[in-house]
Amino acid sequence: MNKKMTTVAKAVALLMATASTAAQADLVITEYVEGGGSNKAVEISNLGSTTINLDAAQYVLSLHSNGKTEAGNTATLTGMLEPGKSIVYHNGSADEQFKVGIESTVTYFNGDDALTLTKDGAIIDRFGKLGEDPGSEWLDPNDSNFSTKDKTLRRKASVTTGDVNATADFPGANNEWVVFDKDTADGLGCPGEGACSVVVEPGVLLITEYIEGSGSNKAVELSNVGGSELDLDAAVYQIGLYSNGATEIGNNEILSGKLAVGESIVFHNSGANDEFKIGTASTITYFNGDDALVLTKDGAVIDRFGKLGEDPGSAWTDPNDANFSTANKTLRRKDSVTAGDTVADADFPGTDNQWVTFDIDTADGLGCAGEAACGSEPDPLPCNNCEILTPVADPDTFVREDYYSNVINGDFDSPEAWKNAISAAISVGHVEITYKQVWSVLTYSDEDPTNSDNVIELYTGNSISKHSNGGNTSDWNREHVWAKSHGFPSEGQRGYKDAHHLRPTNTKVNSTRSAYDFDNCADTGTELTDAPGNYLDTAKRCFEPRDEIKGDVARMIMYMDTRYQGNDDDMPDLIAVDRITTADEVSANEPLIGKLCTMYAWHQQDPVDDFDRQRNDAVYKYQGNRNPFIDNPEWVKQVYGDQCGDPVNPELDVDVIIEAPESVNEGEAFVVDASKTVAEDGTELTFAWEQVSGPEVSFDSTAKVLNITTPKVDANTTLAFKLVVSDGTLETSEMVSVALINVPLELDISFSGATVVPEGEEATITAAIADAPAGLTYAWKQVSGQSAEFTADGLTLNVTAPEVDINQTLVFEFTADNGEDTVSKLVNLEVTNTQEPGWTKPDGGSLGAGLLMLLPLAWRRRQSK
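Bear in mind the structure is a predicted one, so any value in this text is a computation, not a measurement. By convention here, each chain's residues receive numbers from 1 onward along its written sequence. Totals for whole chains, interfaces and linings use every residue, but because this is a predicted model, local features are given only for residues with pLDDT of at least 70 and side-chain atom pairs only at 80 or more, for both listing and counting. With hydrogens and water excluded, all non-hydrogen atoms of the structure serve as input to the side-chain values.

With that settled, the discussion passes to the overall build of the protein chain. When helices and strands are tallied, the protein chain shows 14 helices and 53 strands. Structurally, the protein chain occupies a C-alpha span of about 125 × 90 × 50 Å along its principal axes. Sequence-distant contacts in the protein chain: of pairs separated by 6 or more residues, those separated by 24 or more amount to 66%. The protein chains shown are the only cover counted for residues, whose accessible areas, like all others here, come from Shrake-Rupley with a 1.4 Å probe. Approximately 40100 Å² of the protein chain is accessible, and the part contributed by carbon and sulfur atoms is 47%. Neither His nor the chain ends contribute to the count of charged residues, in which Lys and Arg are positive and Asp and Glu negative. Here the site of a charge means atom NZ of a Lys, CZ of an Arg, CG of an Asp or CD of a Glu. Across the protein chain, 61 positive and 139 negative side-chain charges occur, with their mean positions spaced 7 Å apart. Secondary structure elements are defined from DSSP: runs of H or I of at least 4 residues count as helices, runs of E of at least 2 residues count as strands, and each element is numbered from the N terminus. Between two residues, a contact is recorded if the distance between any of their heavy atoms is within 4.5 Å.

When a protein is soluble and globular, its nonpolar side chains tend to lie buried together. Remark: nonpolar core denotes a set of buried residues (Ala, Val, Leu, Ile, Met, Phe, Trp, Tyr, Cys) joined through side-chain atoms within 4.5 Å. Categorising residues by exposure relies on relative accessible area from a 1.4 Å probe, with only protein chains included: less than 20% of the type maximum marks a residue as buried, more than 50% marks it as exposed, and the intermediate range marks it as partly exposed. By size, the foremost hydrophobic cluster in this structure holds 64 residues, and its most contacted members are F518 and I557. Among the secondary structure elements, those contributing two or more residues to this core are α5 (415–427), α6 (435–445), β36 (531–537), α8 (550–563), α10 (596–605), α11 (610–623) and α13 (635–640). Those residues in contact with F518, other than ones at most four positions away along the chain, are Y459, V481, R513, F543, P545, V553, I557, I580, G594, K595, M599 and W602.

To continue, consider the sheet that holds strand β34 (residues 517–518). Being paired, for any two strands, means DSSP has found at least two bridges between them. A sheet is described by the order of its strands in space; here four strands give the open sequence β34-β37-β36-β35, paired in mixed fashion. Single-partner strands in this sheet number two, and they are β34 and β35 (526–528). As defined by bridge partners, β35 adjoins β36 across three bridges and the pair is classed as antiparallel. Paired with E527 across the strands is Y535, a residue of β36.

With that settled, consider the pattern of salt bridges. It is possible for side chains bearing opposite charge to pair when their charged atoms get close. Basic side-chain nitrogens of Lys or Arg form a salt bridge, by our definition, when they fall within 4 Å of a carboxyl oxygen of Asp or Glu. Applying the stated criterion across every chain yields a total of 44 salt bridges. A salt bridge links E96 to K99; its shortest N-O distance comes to 3.7 Å. Owing to a relative accessible area of 42%, E96 belongs among the partly exposed residues under this scheme. Here D631 ties to R626 by a salt bridge, and the two come within 2.7 Å at their closest N and O atoms. Shared partners join several salt bridges into a network, and the residues in it are E432, R494, K497, R563 and D568.

Another aspect to go through is the state of the cysteines. Two cysteines whose sulfur atoms are joined by a covalent bond form what is called a disulfide. Disulfide: a pair of cysteine sulfur atoms within 2.5 Å of each other. Overall, the coordinates contain five disulfides when judged by the stated rule. Each sulfur in the disulfide pair C368 and C374 lies 2.1 Å from the other. The S-S bond linking C368 to C374 shows a torsion near -110 degrees; that makes this disulfide left-handed. Overall, C368 belongs to the buried group, its relative accessible area being 17%. A disulfide bridge connects C383 with C386, and the sulfur atoms are separated by 1.5 Å. There is no split in this pair, since C383 and C386 are both buried. Disulfide partners in the protein chain, listed by the sequence order of the bonded cysteines, are 1-2, 3-4, 5-6, 7-8, 9-10.

Let us look at unusual backbone geometry. Residue P171 is reached from F170 by a cis peptide bond, and omega for that bond is 5 degrees. With respect to the helices and strands, P171 occurs in the loop between β13 (151–155) and β14 (177–180). Across the junction of F348 and P349, the peptide omega takes the value 5 degrees, indicating a cis bond. Residue position: P349 is located in the loop between β27 (329–333) and β28 (355–358).

Take the pairing of strand β9 (residues 114–119) next. Buried residues dominate β9, accounting for six of its six residues. Burial along β9 is two-sided: A114, T116 and T118 and L115, L117 and K119, pointing in opposite directions, are all buried. Where strand β4 (residues 59–64) meets β9, six bridges bridge the pair, whose relative direction is antiparallel. From the neighbouring strand, V60 faces β9, where its bridge partner is T118. Bridge analysis of β9 against strand β10 (residues 122–127) gives five bridges, and the strand direction is antiparallel. Note that in β10 the partner of T118 across the bridge is I123. Once β9 ends, the chain turns through two residues before running back antiparallel as β10, passing D120 with a positive phi of about 50 degrees.

Once that is clear, we can look at α5. What a helix should span is 1.5 Å times the count of its residues minus one. If you check α5, its first and last C-alpha atoms are 18 Å apart, about what 13 residues at 1.5 Å a residue would give, namely 18 Å. If you check which residues of α5 are buried, you get W418, K419, A421, I422, S423, A425 and I426. Of the surrounding secondary structure, the elements contacted by the buried residues of α5 are α3 (400–403), α4 (405–408), α8, α12 (628–631) and α13.

The next subject is the sheet that holds strand β30 (residues 451–456). If you trace the three strands from one edge of the open sheet to the other, you get β29-β30-β31, paired in antiparallel fashion. Every interior strand has two partners, whereas the edge strands, β29 (447–448) and β31 (463–465), have only one. Pairing analysis gives two bridges linking β29 to β30, with the strands arranged antiparallel. For E447, the partnering residue across the bridge sits in β30 and is V455.

Each pair of aromatic rings taken from Phe, Tyr and Trp, with Trp reduced to its six-membered ring, is defined by centres within 6.5 Å and is described as stacked if the planes are under 30 degrees apart, edge-to-face if over 60, and tilted in the remaining cases. Scanning the entire structure with this criterion turns up 31 aromatic pairs. For the ring pair W439 and W476, a centre distance of 5.3 Å and an interplane angle of 70 degrees mean the geometry is edge-to-face. Taken together, the residues span a long stretch of sequence, with W439 in helix α6 and W476 in strand β32 (residues 476–480) at a distance of 37 residues. Residue W439 shares its accessibility class with W476, and that shared class is buried. Put simply, the rings of Y32, F109, F127, W138, F146, F170 and W177 touch in pairs and so form one group of aromatic residues. The aromatic ring of F358 is capped on one face by R332, whose charged end is 4.0 Å from the ring centroid. In this structure, R626 packs its charged tip against the face of F398, placed 3.8 Å from the ring centre. Distance and angle both matter: a charge sits over a ring if NZ of Lys or CZ of Arg is within 6 Å of the ring centre and within 35 degrees of the ring normal.

The structure is reproduced here in structure tokens:
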């Protein structure tokens, strides 16, 4: 025994050598979970008072199994860890309540395995006794409840520094651990002896930008400046316009949908210049510098702009800031403002002016919260814990014929020969990036085409901030589409960090997908609550992704199967099989995944699109190689067609000829004609049609010619059909797609009736719609001018002209609605002022000029009545 201890001491001497000032005393293992099955996790916390930069040194958590002194599975800590914050590593097969933080093989421990936490090789904390196998668990003779097996252990609150003597008895005479029952998970994610309390910073909706420019250059921006997503449908969120000191709401907008942290809603005037046309056109922007805006939630004021009930003349100004004005300026909310101004009738802008002033017609800040122009001060890092990457290839100069020359110019007699040639082509130039660098690659490869600050999550399809990456349930993380437990469980292996099959995925959904194979299981599985359209059947061991990404998944799996042929020192020969792999195969890290021919069909169903090409170019830029099945989708058939019943050279000697339109409008009929498909030898052929995508339509599945009437759709979509032609023995198939176009409602609206009316008199305006479809409903509303009394009856508007001081134009909006779409058109009614009896125009001279100078004052007084 003494000899063994001496050997262990020597083995860890180097680790202990720098354990003094070099070690980080504040970083401590604070929780250990060894529960039922795979319910295993370990928590590391910053118990100090300052943030720890985990990238400034090499912080590693290591697993030492069965008394070994050498490290087995490891996890490298990265990023910034604030005081009181924790990092959790969990087993990928654990129950959901244990899946906090990051999935890691460092949790492949039992009760007799030790853990060490090191900084640059020096031990700064430990769990268990290094170099000892206690049998099944470590026990404490002074505490019969203590065990490192089938227990949850939390570090006592009194412990603030790590245990650096890894070869000392464990837990020792001064036991530092509090014991909880097996499978207790409520403390994961926070240090301390108690359960974690969940604190979610709420979303905060503010008016963040106001533009009152020249002409109709008017806009208002609302932003979520809080800490979590806002569900605008969970309450009645409304912004209202109060004109000329009114206390009654005028034009207004009801907000709806989800508003992520940092995202904005913009309403603009439809008559504004193009640079102001961000977001949605709205009459809420029919304001001048003397009109107030009030933002409410369920009727309660949550923010305001201007002073409700006051008409300041032409603009609100600030005596302490000569540049501030609510007329002819762009105003942005200061970055320091994180709560709304809820006193709508208080002075504006008040003594604490919350607004930054910009010149008239400044538009470059619309669409993002903050004082700066949108995109003017980008974060130097693309996401949390990311790196700035150096490109290794230029997609702009990529030449397909050069990159794939050995394939294009080759002569191959088998699918395997095709596959080997393609593998050789895509292996050249492949630069091995780190798993940390994958974060950065994904911010480029999966960037939202409509919002460069966000990435698109694979399974949810949600657009999420690039900086919301990490291990929390609302974060996105790095999903191994070819699950890493299917052949490459170690981070050191090239396939583990190959960005061509790594995608941004909601952390919770990533855990749900786990290591399951891909197959059709929507009919037998359960739809994911957090990712509708995706299905999981745990009994079948099957995961089915949403339709929009089925082809993406297929081509990533085929890339991995083709790229890794066993020619890399650290990678096995990956094989996509046409079956679901077994639990034992996954546990043994067998390099197999299924189900190949289902994914072959998905590739056909969901063809390559611009997003696939964006990914391919971005990964090529930083990893140096490409996915051949995105560049050459027809090669999928060359490599996998024979395996999946779609041979490259079918023995049935038939040219399948299908004539169909490229696109058809909703509600219209069209023909898919395969009658020109005949056998050269005159053999009678049978036809079998199957619809593979799009809204269901009716047709004769055995006819040569399909007569199809399309349904109404809410958005453009694709109808895809598969035709199988058979001579009774052999068969061949062909796909045909028709774009189904959603046609917006278009109406030819004209007006008749009065265009001019004296004040106080009635006028009638009648709308007419040429070739009006059945089922329309109509509505009228006044959108501009002095408020007038009016009644509307279908197409007819009856208006009583208000009294006016000068001639004035009233604008009314007529809307026709078919239940799905609306069409609106404006009509003007000029109200003329009637001169009072006895009034005559003044002649020249000083008296006349003086009277003219008094007229504005008189008008002002009359107007204020």
